Amino acid sequence: MSELQDSGLLGGYRRELGWGNGRALGARTAVGPEFPDPPPSRGPDLADPVPVPVPVPVPVTTDH
């Protein structure tokens, strides 16, 4: 590995791109598009769904 360091090949692509020492993490400094405001509510809150009735078991008889 020291041969790569001595030749300048190790990390050479980073230098070419300007990614030298002291580079800040991109996720911490990235600036992206603003998120649009959510659309206005058009009804009941879907986070509170209507409860679904639980079926009641029907007794089974073996009389014919």
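Residues numbered from 1 in each chain as written. Predicted model: local features only at pLDDT ≥ 70, side-chain atom pairs only at ≥ 80, totals over all residues. Heavy atoms only, no water.

Visitor: I'm lost on the overall build of the protein in this one. Help?
Guide: Counting its regular elements, the protein contains three helices and zero strands. Starting at the N terminus and walking to the C terminus, you meet the elements of the protein as α-α-α. Of all 64 residues assigned to the protein, the portion counted as buried reaches 2%. Counting every atom, the protein has about 7,000 Å² of accessible surface; 61% of that belongs to carbon and sulfur. (Helix = DSSP H or I, 4+ residues; strand = E, 2+ residues; numbered from the N terminus. Buried < 20%, exposed > 50% of the residue type's maximum accessible area, 1.4 Å probe, protein only. Areas by Shrake-Rupley, 256 points an atom, 1.4 Å probe, with all protein chains shown as cover.)

Visitor: How do you make sense of the confidence of the model for the protein when you look at a structure like this?
Guide: Caution applies to low-pLDDT parts of the model: their predicted coordinates are not meant to be read in detail. For the protein, per-residue confidence averages 75 on the pLDDT scale, and 73% of positions sit at 70 or higher. Element-level pLDDT for the protein is lowest in helix H3 (residues 26-29), with a mean of 72, against a maximum mean of 78 in helix H1 (residues 2-7). (pLDDT = per-residue confidence, 0-100.)

Visitor: When you look at a nonpolar patch on the surface in this model, what are you seeing that I'm missing?
Guide: Residues Leu 4, Leu 9 and Leu 10 make up a contiguous nonpolar surface patch of about 280 Å² in total accessible area. Along the chain, the position of Leu 9 falls in the loop between H1 and helix H2 (12-17). (Patch = residues over 30% accessible without salt bridge, like charges linked within 9 Å, V, L, I, M, F, W, Y side chains within 5 Å. Salt bridge = Lys/Arg side-chain N within 4 Å of Asp/Glu carboxyl O.)

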